[in-house]
Amino acid sequence: MANDLNDIDLWGNLVKGNRIALNSIYSSYFSSLYQYGMRMLQDEDAVRDCIQNLFVHLWVNHKKLPQVNNLRGYLISALRNNMINFKNVEGRFQKVDLEANEVFDLKFSVESAFIQKEEQTEQVRQLSQAMNKLTPRQKEIIYLRYFEELDYAEISTIMDLSIKGTYKLSARALEALREVLNIDKMMLLAILLSLKN
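A brief structural summary.

Cut-offs and rules
Residues numbered from 1 in each chain as written. Predicted model: local features only at pLDDT ≥ 70, side-chain atom pairs only at ≥ 80, totals over all residues. Heavy atoms only, no water. Axes fitted to C-alpha atoms, helices over the stretch in contact; angles between N-to-C directions. Helix = DSSP H or I, 4+ residues; strand = E, 2+ residues; numbered from the N terminus. Parallel < 35°, antiparallel > 145°, perpendicular 65-115°, else oblique. Left-handed = near helix turned anticlockwise from the far one by under 90°. Contact = heavy atoms within 4.5 Å. Nonpolar A, V, L, I, M, F, W, Y, C, P; charged D, E, K, R; others polar. Phe/Tyr/Trp six-rings, centres within 6.5 Å; stacked < 30°, edge-to-face > 60°. Buried < 20%, exposed > 50% of the residue type's maximum accessible area, 1.4 Å probe, protein only. Lys NZ or Arg CZ within 6 Å of the ring centre and 35° of its normal.

### Examining the packing of helix 7 (residues 136–147) against helix 8 (residues 152–159)
For step 1, the next point in the chain: Closest axis-to-axis distance for the helix 7/helix 8 pair is 10 Å, and the angle between their directions is 140°. Taken together, helix 7 and helix 8 sit at an angle that is classed as oblique. Judged by the twist between their axes, the crossing of helix 7 over helix 8 is right-handed. Contacts between helix 7 and helix 8 involve Arg137, Glu140, Ile141, Leu144, Arg145 and Tyr146 on the former and, on the latter, Tyr152, Ile155, Ile158 and Met159.
For step 2, the next point in the chain: Tallied by class, residues from the contact of helix 7 with helix 8 come to seven nonpolar, no polar and three charged.

Shown next as structure tokens:
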């Protein structure tokens, strides 16, 4: 039953206390949340704990949950907040946000999945090297925009930036990649979009 429902209907059923809707949301989004979490924490157990805590919180507070128009964006934002809280509680980092000295791992592990399916190309190797030259926040915005396919409004909420700041950060990240790769912007976008597929 829950598998036939769209995200808004599932969310509405969760708010009403439907455990099947919770399980369906968990099944649909676990992989995406896990991939995002691993880039931020690089600790499998901690990421799984943060995701578990997120879903426990959703269930316990299901009657108080807000109306959600984009479930993926809401879940990523909530997981990001859980991971920031985890970092603070564990005392692993002094700052609460991803700054230049913190880690957002996009060593292009997307590359490994891509390479397993197809032979590694020179473009992928070059893109991998270029991605590693970006700041953590630039890597995060590239990941959210081109791999999670979130729009700028959703990304601004997740990263706690203004819409204008989100556009600027994305533009700077793309320009940095473009310069390192010495290709035009359209070719860069084509490469990023092809890796998602």
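### Observations concerning the packing of aromatic side chains
For step 1, the next point in the chain: Summed over all chains, the structure comprises seven aromatic pairs.
For step 2, the next point in the chain: Relative to phenylalanine 55, the ring of tyrosine 26 has its centre 5.0 Å away and its plane inclined at 80°; by these criteria the two rings are edge-to-face. One end of the pair, tyrosine 26, is in helix 2 (residues 19–41); the other, phenylalanine 55, is in helix 3 (residues 44–60), and 29 residues separate them in sequence.
For step 3, the next point in the chain: Geometrically, the ring pair formed by phenylalanine 30 and tyrosine 34 is stacked, given 5.8 Å between the ring centres and 20° between the ring planes. In this pair, phenylalanine 30 and tyrosine 34 both sit in helix 2, four residues apart, roughly one turn of the helix. Here phenylalanine 30 matches tyrosine 34 in class, with each residue buried.
For step 4, the next point in the chain: Ring pairs connect the aromatic residues Tyr26, Phe30, Tyr34 and Phe55, which therefore count as one cluster.
For step 5, the next point in the chain: For the cation-ring pair, arginine 145 lies above tyrosine 146, with the distance from its terminal atom to the ring centre recorded as 6.0 Å.

Don't take any of this as a statement about function, it's just geometry.
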